[in-house]
Amino acid sequence: MRRRNLTFALTTSALVAGAGLRAQTWPDKPVRFVLSQPPGSGPDNVARLLGDRLGALWGQPVVIDNKPGGQNTIGAQAAARAAPDGSTFYFATTAALVTNAYLFKSLPYDTQKDFAPVAFVARSPFGLLVEANSPLRSLQAFVDKAKAEPGRLTLGNEGPRTFSGMISRVMAARLKIEPNQVPYASIAVATQNLLGGQVDAIVADLASTAALVRSGKLRLLAVTSSQRVVGFESVPTLAESGLPGFEMVGWFAIVAPTGTPTAVLQRVNRDVNAVLAEPAMAERIAAIGPIADATMGVDQVSAFLRGEHQSWSAATKEIGLLPE
């Protein structure tokens, strides 16, 4: 019995030592960031900025592996099935890690069991946008028109079962308006139609539209974050525009396949936070649209994700969206 216990203790010690050695020598090969979005998208732009800086820090290239489609399921499934050896991470969005759980009866991955939290990257506020020459020059004007002509004011988004679509519907329900919700295959297509005058307004993430706002082609009427966005300080939040407590933002987080060594997760968390805390990196990310957040440890990321599940479960019930 004593010999068996000694063998177990030696085996455990070896495993712990091995994990520590892995963390010390990691990364010993290229690191892959899987994304569910295409090149040029907001998440992709942020991932490439972060990946370039981390690659320089780690002495190994960070390869961005875009696997778009299936409302994030293709990329998420690929990341979940990757070997948990510290070489693959999932650069995930709110939809992939949270809201999909309440929109699909079944998924080819488990949003909570298949991934280990690693690091929080940034919050990505959404906004209500109109074309620059639109007569709708404020949120109140938008609401007044929607109430004066129920069902005629067109509001573009990516569809009822997408992030922008859900924000559109929660926002409309709480503003007590009934716009004509127009679904698009992507925010890029919706934005082009907004610029072309085919739709009155859109709800879109600032990561995808900030450049058009800054160039004067689009006007931002309100943002969905709880606080005003840096660079757009003159734009009110929905919370201060008649919807107290309103906050629905996207975010980017890094997770890893379950089973990835804890020491590696902690190392990546520490390095990601250090890079995000660099003023130059925070400014470059802000220029794209999102707001970097270098404050969360691994345990805090885990708690944040649990809270997001609670919030989005309630939101989908509020607008009557059932899993399909």
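Above this text sits the structure in question.
1. Observations concerning the pairing of strand β3 (residues 88-93)
Strand residues, when the strand is regular, have side chains that alternate between the two faces of the sheet.
Now for step 1: The buried fraction of β3 amounts to six of the six residues, a majority that puts the element mostly inside the structure.
Now for step 2: Burial along β3 is two-sided: T88, Y90 and A92 and F89, F91 and T93, pointing in opposite directions, are all buried.
Now for step 3: Pairing of strand β1 (residues 31-35) with β3 involves three bridges; the strand directions are parallel. Bridged to F33 within β3 is F89.

2. Topic: the nonpolar core
Now for step 1: Judged by nonpolar contacts, the single largest core of 50 residues is most densely connected at Y90, F115, L128 and F142.
Now for step 2: Take this core: its biggest share by element is seven residues, from helix α6 (residues 163-175).
Now for step 3: Counting 32 residues, the second-largest nonpolar core is a separate cluster that includes V62, V118, A256 and V264.

3. Some words on unusual backbone geometry
Now for step 1: Residues W26 and P27 are joined by a peptide bond in cis, for which omega reads -5°.
Now for step 2: Position of P27 among the secondary structure elements: in the loop between α1 (2-25) and β1.
Now for step 3: A positive phi angle is found at N72, which is not glycine, with a value near 80°.
Now for step 4: Positionally, N72 belongs in the loop between β2 (62-66) and α3 (73-80).

4. Here's the deal with helix α5 (residues 139-148)
Now for step 1: Turning to α5, its buried residues number three or more, namely L139, F142, V143 and A146. Around the axis of α5, the buried residues are gathered within 95° of arc, so they sit on the same side.
Now for step 2: Considering only its buried residues, α5 is in contact with β5 (126-131), β6 (154-157), α6, β8 (201-205) and β9 (218-223).

5. A short note on the side chain of R161
Now for step 1: Relative to the helices and strands, R161 resides in the loop between β6 and α6.
Now for step 2: Of note is the side chain of R161, whose polar atom sits 2.4 Å from the backbone oxygen of L103.
Now for step 3: Setting aside residues up to four positions removed in sequence, R161 forms contacts with Q71, L103, L321, L322, P323 and E324.

6. A short note on the packing of aromatic side chains
Now for step 1: For the structure on display, the rule yields 12 aromatic pairs.
Now for step 2: Judged by centre distance (4.9 Å) and plane angle (70°), the ring pair of F120 and F304 falls under edge-to-face. Separated by 184 residues along the polypeptide, F120 in strand β4 (residues 115-124) and F304 in helix α11 (residues 298-318) bring together distant segments of the chain.
Now for step 3: When the centroid spacing of 4.8 Å and the interplanar angle of 45° are considered together, the rings of F163 and W312 count as tilted. Taken together, the residues span a long stretch of sequence, with F163 in helix α6 and W312 in helix α11 at a distance of 149 residues.
Now for step 4: Judged by relative accessible area, W312 falls into the buried class, the value being 4%.
Now for step 5: Following the ring pairs from residue to residue traces out a cluster consisting of W26, F33, W58, F89, F91 and F252.

7. Overview of the pairing of β8
Now for step 1: With five of its five residues buried, β8 lies for the most part within the structure.
Now for step 2: Residues of β8 alternate between two faces, with A201, V203 and D205 on one and I202 and A204 on the opposite face, all of them buried.
Now for step 3: Across four bridges, β5 lies against β8 in antiparallel orientation. Looking across to β8, one finds that L129 is bridged to I202.
Now for step 4: By the bridge criterion, two bridges tie β6 to β8 in an arrangement that is parallel. When the sheet's bridge partners are listed, G156 is paired in β8 with I202.

Scoring rules and cut-offs
- Residues numbered from 1 in each chain as written.
- Predicted model: local features only at pLDDT ≥ 70, side-chain atom pairs only at ≥ 80, totals over all residues.
- Heavy atoms only, no water.
- Buried < 20%, exposed > 50% of the residue type's maximum accessible area, 1.4 Å probe, protein only.
- Helix = DSSP H or I, 4+ residues; strand = E, 2+ residues; numbered from the N terminus.
- Pairing = 2+ DSSP bridges.
- Core = buried A, V, L, I, M, F, W, Y, C linked by side-chain atoms within 4.5 Å.
- Arc of directions from axis to C-beta.
- Contact = heavy atoms within 4.5 Å.
- Polar contact = N/O pair within 3.5 Å; in protein donor to acceptor, adjacent residues only side chain to side chain.
- Phe/Tyr/Trp six-rings, centres within 6.5 Å; stacked < 30°, edge-to-face > 60°.

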